[in-house]
Amino acid sequence: MKVVSFGEIMLRLSPPGVERLLQSPTLSAAFGGAEANVAVSLAHWGVESVYVTRVPSQAIGEAAVRALRAEGVRTDSILRGGERLGIYFAESGASQRPSTVVYDRAHSAISDIDPAALDWAPLMHGATWFHVSGITPALGPKPARCVADALAAARAAKVTSSLDLNFRRKLWSPSEAQATLRPLMKNVNLVIANEEDLQSALGFNVAGVDVTTGRVNTAAYRDVIRQVCELGPTRVAITLRESVSASDNGWSAILGGSDLPEVLESQRYDIRVVDRIGAGDAFAAGLIYGTATGQTPMAALRFAVAAGALKHTIPGDFNRASVDEVERLAAGDASGRVQR
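Residues numbered from 1 in each chain as written. Predicted model: local features only at pLDDT ≥ 70, side-chain atom pairs only at ≥ 80, totals over all residues. Heavy atoms only, no water.

Undergrad: Outline the overall build of the protein chain, supporting the account with residue identities and numerical values.
TA: Tallying secondary structure elements over the protein chain gives 10 helices and 15 strands in all. C-alpha atoms of the protein chain, sized along the principal axes, occupy 50 × 50 × 45 Å. When the 340 residues of the protein chain are sorted by exposure, 55% land in the buried category. A separation of at least 24 residues holds for 70% of the contacts in the protein chain among residues at least 6 apart in sequence. A total of about 14,000 Å² of accessible surface is found on the protein chain, and carbon and sulfur atoms cover 51% of it. Separation of charge centres in the protein chain, based on 34 positive and 35 negative side chains, amounts to 1 Å. (Helix = DSSP H or I, 4+ residues; strand = E, 2+ residues; numbered from the N terminus. Buried < 20%, exposed > 50% of the residue type's maximum accessible area, 1.4 Å probe, protein only. Contact = heavy atoms within 4.5 Å. Areas by Shrake-Rupley, 256 points an atom, 1.4 Å probe, with all protein chains shown as cover. Lys, Arg positive; Asp, Glu negative; His and termini not counted. Charge placed at Lys NZ, Arg CZ, Asp CG, Glu CD.)

Structure (structure tokens):
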């Protein structure tokens, strides 16, 4: 199984523990980014995971490539060029103080990528799946063109594609997102989203739903899933986060589509959050893995939700839970006891 992912990898700088940014003169450095996180999860699970991006030909860019390679990701399709790698500062929240992210990614290497530099047809050769997020086209017209070209190439090669909407208000407005993302839907097989993504990125509102109750109104979701599928996708996965506080979340998801007779509801977890960044990416990777390995839609959904739940417990962007750990949790083992 070969999965191709395309997006921006960034340098992540974080203060120790739950300190405020620059509360002490220490920041830990790591790498991450939506599609890179998906690529790493899949590589850990034994998938041939190919990551496509553009990084500057200097020490920080090369360190990012080495970090991916160390996780088992194929990096031979990464372009070099540009002046800088994007940076983001991540401050972990606690209790009633929410987590915050500050971007420093303007004029990063990928924002000025030449769409003609990527020949997608050979990249899709032998691929099972292509994955991208809505963050990448938000980085500028050139990355947006690359995303459109990649999705068209995937469809032409009969490669299944997924797009995690991942709407980011710090990058673009709802009107800009909708103008760019809605035309892409004709070449997407699976859409991954939360409620805000559906409304801001596609313009669809989930009426009469309050996720804080922990109850799922499948009728309301059935209608919005139908609307999304009318744009082209076959399936829609929606993650449901119940934010009790920055430290405690409820976590579940639903899956529906034009090829499914009903909306599927996953298990739900009460999570004590260590680091929520990358949890949605772990969910996306889990759904790709489960679907591409022939699991039933419900089994793939359960695997994806368990993967996302475990990522909440792991610091950094990358999910380091094994297939065995995810499967045990998905099967109902949430005891936390010592495994011998």
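Alright, that's what it looks like, and here's the rest.
Undergrad: Talk me through the environment of Q96; I want residue IDs and the actual numbers.
TA: When you line up the elements, Q96 lands in the loop between β7 (87-91) and β8 (100-104). Sequence spacing of Q96 and A64 is 32 residues, and the spatial spacing of their C-alpha atoms is 33 Å.

Undergrad: If you had to explain unusual backbone geometry to someone new, which residues and values would you point to?
TA: Positive phi, close to 60 degrees, is recorded for H107, a residue that is not glycine. Secondary-structure assignment places H107 in the loop between β8 and α3 (120-124). Judged by relative accessible area, H107 falls into the exposed class, the value being 69%.

Undergrad: For helix α4 (residues 141-156), give the residues involved together with the corresponding values.
TA: The terminal C-alpha atoms of α4 lie 23 Å apart, and with 16 residues this matches the ideal 22 Å at 1.5 Å per residue to within 8%. Here α4 has its buried residues at P143, A144, C146, V147, A148, A150, L151, A153 and A154. Contacts made by the buried residues of α4 are with β1 (2-6), α3, β9 (129-133), β10 (160-164) and α5 (174-184). A positive backbone phi angle near 60 degrees is found at K158, which sits one or two residues after α4. (Expected span 1.5 Å × (residues − 1).)

Undergrad: Kindly report on the sheet that holds β7, identifying the contributing residues and their values.
TA: With respect to topology, 4 strands assemble into an open sheet ordered β3-β2-β7-β8, the strand pairing being mixed. Unpaired on one side and paired on the other, β3 (28-32) and β8 mark the two borders of the sheet. Adjacent strand axes in the sheet meet at a mean angle of 25 degrees when their direction is disregarded. Relative to β3, strand β2 (residues 10-14) runs antiparallel, the two sharing 5 bridges. By the bridge assignment for β3, R12 is matched with A30. (Pairing = 2+ DSSP bridges. Axes fitted to C-alpha atoms, helices over the stretch in contact; angles between N-to-C directions.)

Undergrad: Tell me what's going on with the nonpolar core, and back it up with residues and numbers.
TA: Among the nonpolar cores identified, the biggest contains 50 residues, and F6, W120, F130, L165 and I238 are the most heavily contacted of them. Broken down by element, this core gets its largest block of residues, 7 residues, from α4. Apart from residues lying up to four places away in sequence, F130 is in contact with V4, S5, F6, W120, M124, A150, L151, A154, V159, T160, S161 and S162. Counting 37 residues, the second-largest nonpolar core is a separate cluster that includes V3, L42, V273 and L329. (Core = buried A, V, L, I, M, F, W, Y, C linked by side-chain atoms within 4.5 Å.)

Undergrad: So what's going on with the pairing of strand β11 (residues 190-193)? Residues and values would help.
TA: A two-sided burial pattern is seen for β11, the buried positions comprising L190 and I192 on one face and V191 and A193 on the other. Here 3 bridges tie β10 to β11, and the two strands are oriented parallel to one another. When the bridges of β11 are listed, S162 appears paired with L190. Traced from β10 through α5 to β11, the parallel crossover comes out right-handed. Looking at chain direction, β11 and strand β12 (residues 235-243) are connected through 4 bridges and run parallel. Bridge pairing in β12 links A193 to I238. (Right-handed = clockwise from strand over helix to strand, strands pointing away.)

Undergrad: Give a description of the side chain of N37 that names residues and reports values.
TA: Relative to the helices and strands, N37 resides in helix α1 (residues 34-44). Of note is the side chain of N37, whose polar atom sits 3.1 Å from the side chain of D317. (Polar contact = N/O pair within 3.5 Å; in protein donor to acceptor, adjacent residues only side chain to side chain.)

Undergrad: I'd like a description of the packing of aromatic side chains, backed by residues and values.
TA: Applying the stated criterion across every chain, the model contains 6 aromatic pairs. For the pair Y289 and F303, a centre-to-centre distance of 5.3 Å together with 25 degrees between the ring planes defines the contact as stacked. Of the two residues, Y289 sits in helix α8 (residues 279-292) while F303 sits in helix α9 (residues 297-311), which places them 14 residues apart along the sequence. In this structure an aromatic cluster arises from ring pairing among F6, W120 and F130. When the ring centre of Y103 is taken as reference, the NZ or CZ atom of R105 above it lies at 4.6 Å. (Phe/Tyr/Trp six-rings, centres within 6.5 Å; stacked < 30°, edge-to-face > 60°. Lys NZ or Arg CZ within 6 Å of the ring centre and 35° of its normal.)

All quantities given are derived from atomic positions and should not be read as evidence of function.
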